[in-house]
Amino acid sequence: MILADAHCHLGSRQFDNDREEVLSRMLENGVEKAILICCSEHDRLASMKLRDRYPGFRLALSIHPQDLEDDDLQRLTVLKQALIESHADMIGETGLDYYSHPHTKEAQIRFFEAQMEMAAELGLPVDIHSRKASRDTLEIIKKYPVKGIIHSYSGSGEMAQLYIKQGYCIAFGASVLFPNSRKPAQVIAQMPLDRLLVETDAPYQSPVKGHVHEPADVVAIYEKIAEIRKIRLEELASRVEENFDSVFLTIQSKDKHTRIT
Ligand SMILES: [Zn+2]
């Protein structure tokens, strides 16, 4: 049984001291596939080494919506170069965060649209971060012939359906483990199984106070989702693995030659 963590920051500084241990716990738990999200040069360099060692790992690079105090458009040129040079598999996480950074809303829209445009041009899927911004997120993704994942989903069932209609998968994280979380469970119960993904967002979003979230912890999220869906863990794992792979199969690269290693 193979598990996939559809969103983790394994290249993060927070894992600089114990990345190998975190990695072995991950593999011991069967988490052989993962999307390594990189929103800094440090994370990109650390993640590239891992991606080159493990065929199930995918590399995603982006400018994060929470990181737009400096909205110099030159950063987009640097990103594009990095995507091409490091043979990245995805752009992410990009998107809109009106909850934590309402003051950079305009820059967020500009950078999100530019990264969607880049994804269309390079034939890459996207991983989308959206907080308190679902309407604008949906309007923007409708404009681009791009597919991908809505990360750490906590919205309504109706909104999930609208994203699915645009060709996106919906990824659920540790919020399903919180004792009072009824809403994600209701949404998961009605999700088409061929659009569902599971993620940790490690080292962030740990359900246990004081614990650094790591990809191995995705097991508990799988178990909870299998329980909600009343299916066996093995069945959920194989459906999610198929969905994970399908995100990268939808690539219709116009310049495939840039991806040949
Ligand atoms: Zn993240």
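Residues numbered from 1 in each chain as written. Predicted model: local features only at pLDDT ≥ 70, side-chain atom pairs only at ≥ 80, totals over all residues.

Re the overall build of the protein
At step 1: Helix and strand counts for the protein stand at nine helices and eight strands.
At step 2: In terms of overall size, the protein behaves like a compact globule, its C-alpha atoms giving a radius of gyration of 17 Å where 261 residues would be expected to give roughly 18 Å.
At step 3: Principal-axis analysis of the C-alpha atoms gives the protein an extent of 45 × 40 × 35 Å.
At step 4: Residue burial in the protein is summarised as follows: out of 261 residues, 43% are buried. (Helix = DSSP H or I, 4+ residues; strand = E, 2+ residues; numbered from the N terminus. Rg over C-alpha atoms; globule rule 2.2 N^0.38 Å. Buried ≥ 20, exposed ≤ 12 C-beta atoms within 10 Å, placed from the backbone.)

Focus: the environment of S246
At step 1: Within the fold, S246 resides in helix α9 (residues 233-249).
At step 2: Taking the number of C-beta atoms within 10 Å as the measure of exposure, S246 has 15 and is therefore partly exposed.

Observations concerning the pairing of strand β4 (residues 90-97)
At step 1: Most of β4 sits out of view: eight of its eight residues are buried.
At step 2: One ladder, built from two bridges, connects strand β3 (residues 57-61) with β4; its direction is parallel. Bridging from a neighbouring strand, L61 pairs with I91 of β4.
At step 3: For β4 and strand β5 (residues 126-131), the ladder comprises six bridges, and the chain directions are parallel. Residue T94 lies in a different strand from β5, and its bridge partner there is I128. (Pairing = 2+ DSSP bridges.)

What to know about the packing of helix α8 (residues 218-229) against α9
At step 1: Here α8 crosses α9 at 105 degrees, and the two axes come no closer than 9 Å. As far as their axial angle goes, α9 and α8 are roughly perpendicular. Here Y222, E223, I225, A226 and R229 of α8 lie close against α9, whose contacting residues are L233, L236 and A237.
At step 2: The residue inventory of the contact of α8 with α9, partitioned by class, reads six nonpolar, no polar and two charged. (Axes fitted to C-alpha atoms, helices over the stretch in contact; angles between N-to-C directions. Parallel < 35°, antiparallel > 145°, perpendicular 65-115°, else oblique. Contact = placed C-beta atoms within 7 Å. Nonpolar A, V, L, I, M, F, W, Y, C, P; charged D, E, K, R; others polar.)

Re helix α4 (residues 105-122)
At step 1: For α4, built from 18 residues, the straight-helix expectation of 26 Å at 1.5 Å per residue is met to within 8% by its first-to-last C-alpha distance of 26 Å.
At step 2: Among all positions in α4, only Q108, F111, F112, Q115, M116, M118, A119 and L122 are buried. When α4 is viewed along its axis, its buried side chains cluster within an angular range of 160 degrees and face the same direction.
At step 3: Of the surrounding elements, those touching the buried residues of α4 are α3 (74-85), β4, β5 and α5 (134-142).
At step 4: G123 occupies a position one or two residues after α4 and carries a positive phi of about 70 degrees. (Expected span 1.5 Å × (residues − 1). Arc of directions from axis to C-beta.)

Some details on the sheet that holds strand β6 (residues 148-150)
At step 1: Sheet architecture is open: eight strands sit in the order β1-β2-β3-β4-β5-β6-β7-β8, paired in parallel fashion. In this open sheet, the two edge strands, each paired with only one partner strand, are β1 (3-8) and β8 (196-198). Mean inter-strand twist for the sheet, computed between neighbouring axes without regard to direction, equals 25 degrees.

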